[in-house]
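Here are the chains, one letter per residue:
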Amino acid sequence: MFRRVVVGVSGGVDSAVTAYLLKRKGFDVRAAFMKNWDLIDENGYCSGEQDWLDAQKLCRQLDIPLEQVNFVKDYWLEVFGSFLKDYSAGITPNPDILCNRHIKFNLFYKHARERMGADAIATGHYCRSSFGPFLENYTEQDRVRLLTGVDEIKDQTFFLSQIGTEALRRTMFPIGGMMKREVKALAAEVGLEAFARKKESMGICFVGKRSFQDFIGEYIESKPGGFVDFETGRVVGEHKGLHHWTVGQKAKIGGCLKPYFVFRKDVERNVIYLVAGTDHPLLRTDMVFAEDPVWLNRPDDWVRGGVLRCQFRFQHTKPLVGCSVIETDGHKVFVKLDEPLRAITPGQYAVFYRNEECFGSARITKPGPSMVYSDR
């Protein structure tokens with residue numbers, strides 16, 4: 001049923017091994033390199049240029065046709081534009097989730113299917129599909145389930161929690177059942193050791209080698225305001241702009257006995273409220289309000305209007321926490337956590353799991369009341 005597969009190649013080892021495994025399986029493999037960003041930093045560096053050269057090298061070596069697909073305009077509108085809008089409003093966004101939702105599993109998926117004749121696409125994400133790594137268990141009748149990768153450290157279901165089910169039904173994740181070390185070992189074994197040695201990209205792709213503070217300062221005008229001790233109301237310093245700070249971040253202010261941490265940002269007053277101590281109870285809450293949920297698969301035992309028992313995280317590296325979820329009107333979600341968490345941040349995503357399955361996610365609008373109530 002699935003003959004032609006278009007694999008998204010990035011120039012890294014994960015997509016290289018993915019392409020190799022597809023080729024070994026006997027699929028009619030085509031490759032696409034997504035060009036999402038084309039600006040060069042102040043050092044004259046653009047990581048996309050080297051990645052494109054590496055993608056070409058891979059496809060020559062594996063004898064796979066390759067084309068570059070330009071999504072620069074779409075990325076700017078759907079991902080980077082939203083990123084800047086959120087930061088300007090004092091919100092901390094997640095561009096990786098937006099990129100997967102709008103670009104890789106929407107525009108790229110449609111391009112592969114409509115322009116490249118793909119029966120399915122494949123990516124080098126560390127996650128699994130209930131249909132199998134090569135969609136060998138696919139049926140028209142069954143619902144697809146997004147499952148965590150075997151490598152718990154590299155698992156990327158968090159970043160795929162907002163993608164559409166149509167694309168998920170026809171996406172192969174060949175390395176989702178492998179550990180990262182196994183992927184690198186296989187690459188070395190089959191002559192792809194150059195990709196195994198390549199330094200792994202970290203952080204936000206468009207920031208490049210610059211510091212994030214320098215990068216964001218190029219796009220959002222700095223507007224200085226006060227750092228205010230939330231408990232005393234005293235101004236203890238000055239910030240250069242709300243967009244430089246996020247909830248829970250340490251604020252270096254001289255002359256203070258205890259280090260201060262960001263508690264809340266007031267956009268109207270251009271004030272950042274601080275609390276003293278990284279474990280201050282005001283930074284912790286066991287309630288989360290979120291909106292616009294995307295459900296990859298609604299659990300069978302979740303009755304409309306009822307409570308869903310599952311697990312929660314809002315940072316992909318953090319342990320899962322038990323929770324109860326109520327969907328209030330189809331567009332809003334209330335989450336009660338079994339234990340309080342620190343620095344739940346508006347703009348991030350509440351991602352929901354049970355056992356190995358990722359059900360979907362909703363964008364956090366605000367944390368609930370802190371563990372110490374105050375009406376200030």
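Preceding this paragraph is the structure being described.
Enquirer: Would you take a moment to explain the pairing of strand β11 (residues 260-266) for this structure?
Expert: Consecutive side chains along a regular strand alternate between the two faces of the sheet. In terms of residue burial, β11 counts as a mostly covered element, since 6 of its 7 residues are buried. Where strand β10 (residues 250-251) lies against β11, 2 bridges are found, and the strand directions are antiparallel. By the bridge assignment for β11, Ala-251 is matched with Tyr-260. Bridge analysis of β11 against strand β12 (residues 271-276) gives 6 bridges, and the strand direction is antiparallel. Considered in β12, the bridge of Asp-266 is made with Val-271.

Enquirer: What is the right way to read the sheet that holds β12 from this model?
Expert: Sheets are built from strands paired through backbone hydrogen bonds, the pairs being either parallel or antiparallel. Strands sit in the order β9-β8-β12-β11-β10 across an open sheet of 5 strands; the sheet is mixed. Every interior strand has two partners, whereas the edge strands, β9 (235-239) and β10, have only one. For strand β8 (residues 225-229) and β9, the ladder comprises 4 bridges, and the chain directions are antiparallel. Each bridged residue has a counterpart across the sheet, and for Gly-225 the counterpart in β9 is His-239.

Enquirer: What should I look at first to understand the pattern of salt bridges in this one?
Expert: Pairing is possible between side chains of opposite charge, provided their charged atoms come close. Enumeration according to the criterion identifies 15 salt bridges in this entry. With a closest N to O distance of 3.0 Å, Arg-128 and Glu-356 form a salt bridge. You can see Arg-128 sitting in strand β5 (residues 127-129) and its partner Glu-356 sitting in the loop between β17 (349-354) and β18 (357-367), a full 228 residues away along the chain. Across the pair Arg-145 and Glu-357 runs a salt bridge whose closest N-O atoms are separated by 3.1 Å. Of this pair, Arg-145 sits in the loop between β5 and β6 (146-148) while Glu-357 sits in strand β18, placing them 212 residues apart in sequence. Taking the relative accessible area as the measure of exposure, Arg-145 reaches 35% and is therefore partly exposed. Through salt bridges with shared partners, one network takes in Arg-3, Arg-4, Asp-28 and Arg-30.

Enquirer: Can you walk me through the side chain of Asp-151 in this structure?
Expert: Relative to the elements of secondary structure, Asp-151 occurs in the loop between β6 and α5 (165-169). We note that Asp-151 is buried and unpaired, the nearest opposite charge coming from Arg-181 at a distance of 5.9 Å. Those residues in contact with Asp-151 that lie beyond four places of it in its chain are Tyr-126, Met-178, Met-179 and Lys-180.

Parameters and conventions
- Residues numbered from 1 in each chain as written.
- Predicted model: local features only at pLDDT ≥ 70, side-chain atom pairs only at ≥ 80, totals over all residues.
- Heavy atoms only, no water.
- Buried < 20%, exposed > 50% of the residue type's maximum accessible area, 1.4 Å probe, protein only.
- Helix = DSSP H or I, 4+ residues; strand = E, 2+ residues; numbered from the N terminus.
- Pairing = 2+ DSSP bridges.
- Salt bridge = Lys/Arg side-chain N within 4 Å of Asp/Glu carboxyl O.
- Lys, Arg positive; Asp, Glu negative; His and termini not counted.
- Contact = heavy atoms within 4.5 Å.

Keep in mind that these numbers describe shape and distance, not what the molecule does.
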